[in-house]
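# Observations on the model geometry
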Amino acid sequence: SYLAYIGLYFILGSILQNFLSIKKKKIKPIIYSILIVFIIFFAITTVQRNKVWKNPDILMTDVISKNENEMNAAYAYFFRGNYKDQKQDYNNALKDYNEAIRNYPEYIIAYNNRGIVRGIMQNFEGAYNDFNKCINLNKTYADPYYNRGILKYMQKDLKGACQDWKRASILGYKQADDIIRQYCK
């Protein structure tokens, strides 16, 4: 979308150059005044808009507040949930993943990430449900197999964990190979 602005600025620059090449001295101060007003206006709006880019939490909150499209809102909640997850704010990350899924019920990666957060929060049943839902939506997505394997391992189900890790490996999840060599003899 920014590429289209190059043509627009080229056109505006050509028009401005034509106006500035006019020999009438009375018009030049008016053109310069208008140009200065535009520059000041855009400078102020740019500074105000940059505040939104302070961190992903503020940016995604802004996107959510301005977005009526459920799919875009789902993505914004998802990315904000990821940010909160990285900050170890698991309760709020969980809320955002819930909203992402509410807005887009087939958002596979959101189920996977919510499952990880639920596992961290010791909600193993919820984590299993999320990983299973993710697998039911897309049986070729390796991440939930790997993560469900970790969950099974944590609950002392080594056989089930190895089955999931092997499936993740078959689907191309390379990290599973190391785990299989270490735990699945």
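Overview of the structure. (Residues numbered from 1 in each chain as written. Predicted model: local features only at pLDDT ≥ 70, side-chain atom pairs only at ≥ 80, totals over all residues. Heavy atoms only, no water.)

### Side note on the overall build of the protein chain
- The helix and strand tally for the protein chain stands at 10 helices and 0 strands.
- Each helix and strand of the protein chain, ordered N terminal to C terminal, gives the series α-α-α-α-α-α-α-α-α-α.
- The C-alpha radius of gyration computed for the protein chain amounts to 26 Å, which surpasses the reference 16 Å derived for 185 residues by more than 25%, pointing to a less compact arrangement than a globule.
- On the principal axes, the C-alpha backbone points of the protein chain span a range of 90 × 30 × 25 Å.
- Out of the 185 residues in the protein chain, the part that is buried amounts to 35%.
- Within the protein chain, contacts between residues at least 6 apart in sequence are counted, and of these 35% link residues at least 24 apart.
- For the protein chain, the accessible surface area stands at approximately 12500 Å², while carbon and sulfur atoms represent 59% of it.
- Positive and negative side-chain charges of the protein chain, numbering 27 and 16 respectively, have mean locations separated by a distance of 11 Å. (Helix = DSSP H or I, 4+ residues; strand = E, 2+ residues; numbered from the N terminus. Rg over C-alpha atoms; globule rule 2.2 N^0.38 Å. Buried < 20%, exposed > 50% of the residue type's maximum accessible area, 1.4 Å probe, protein only. Contact = heavy atoms within 4.5 Å. Areas by Shrake-Rupley, 256 points an atom, 1.4 Å probe, with all protein chains shown as cover. Lys, Arg positive; Asp, Glu negative; His and termini not counted. Charge placed at Lys NZ, Arg CZ, Asp CG, Glu CD.)

### Digging into the packing of helix H4 (residues 70-86) against helix H5 (residues 90-103)
- It is at 8 Å that the axes of H4 and H5 come closest, and there the two elements cross at 160 degrees. On the basis of their axis angle, the class for H4 and H5 is roughly antiparallel. By crossing handedness, the relation of H4 to H5 is classed as left-handed. When H4 is examined against H5, the residues Glu70, Ala73, Ala74, Tyr77, Phe78, Arg80, Gly81, Asn82, Lys84 and Asp85 are found in contact with a partner set consisting of Tyr90, Asn92, Ala93, Asp96, Tyr97, Glu99, Ala100 and Asn103.
- Residues belonging to the contact of H4 with H5 are distributed by class as follows: 8 nonpolar, 4 polar and 6 charged. (Axes fitted to C-alpha atoms, helices over the stretch in contact; angles between N-to-C directions. Parallel < 35°, antiparallel > 145°, perpendicular 65-115°, else oblique. Left-handed = near helix turned anticlockwise from the far one by under 90°. Nonpolar A, V, L, I, M, F, W, Y, C, P; charged D, E, K, R; others polar.)

### Topic: unusual backbone geometry
- For Gln122, which is not glycine, the phi dihedral falls at a positive 70 degrees.
- Topologically, Gln122 is positioned in the loop between helix H6 (108-120) and helix H7 (124-137).
- In the Ramachandran plot, Lys156 falls in the positive-phi region, its phi being about 70 degrees despite a non-glycine side chain.
- Among the structural elements, Lys156 can be located in the loop between helix H8 (142-154) and helix H9 (158-170).
- On the accessibility criterion, Lys156 (76% relative accessible area) is exposed.

### Structural notes on the environment of Thr140
- In this fold, Thr140 is placed in the loop between H7 and H8.
- Note: C-alpha distance between Thr140 and Phe41 (99 residues apart in sequence) is 51 Å.
- At 2.7 Å, the side chain of Thr140 forms a polar contact with the side chain of Asn138. (Polar contact = N/O pair within 3.5 Å; in protein donor to acceptor, adjacent residues only side chain to side chain.)

### What to know about a nonpolar patch on the surface
- Judged by side-chain polarity, Tyr5, Leu8, Tyr9, Phe10, Ile11, Leu12, Ile15 and Phe19 come together as a nonpolar surface patch covering roughly 850 Å² of accessible area.
- As for its placement among the helices and strands, Ile15 is situated in helix H1 (residues 2-20).
- Classification of Ile15 by relative accessible area gives partly exposed; the value is 40%. (Patch = residues over 30% accessible without salt bridge, like charges linked within 9 Å, V, L, I, M, F, W, Y side chains within 5 Å. Salt bridge = Lys/Arg side-chain N within 4 Å of Asp/Glu carboxyl O.)

### Structural notes on the nonpolar core
- Residues Phe78, Ala100, Tyr107 and Ala110 are the most contacted members of the largest nonpolar core, which totals 21 residues.
- Those elements that place two or more of their residues in this core are helix H3 (56-66), H4, H5 and H6.
- With near-sequence residues (within four places) excluded, Ala110 lies in contact with Phe78, Tyr97, Ala100 and Ile101.
- One finds Ile135, Ala161, Trp165 and Ala176 within the second-largest nonpolar core, a separate group that totals 13 residues. (Core = buried A, V, L, I, M, F, W, Y, C linked by side-chain atoms within 4.5 Å.)

### Focus: the packing of aromatic side chains
- One pass over the structure, following the stated rule, counts 11 aromatic pairs.
- Judged by centre distance (5.2 Å) and plane angle (65 degrees), the rings of Phe41 and Phe42 are edge-to-face.
- A relative accessible area of 47% means that Phe42 is categorised as partly exposed.
- Considering the side-chain rings of Phe78 and Tyr97, the 6.0 Å spacing of their centres and the 50 degrees angle between planes classify their relative orientation as tilted. (Phe/Tyr/Trp six-rings, centres within 6.5 Å; stacked < 30°, edge-to-face > 60°.)

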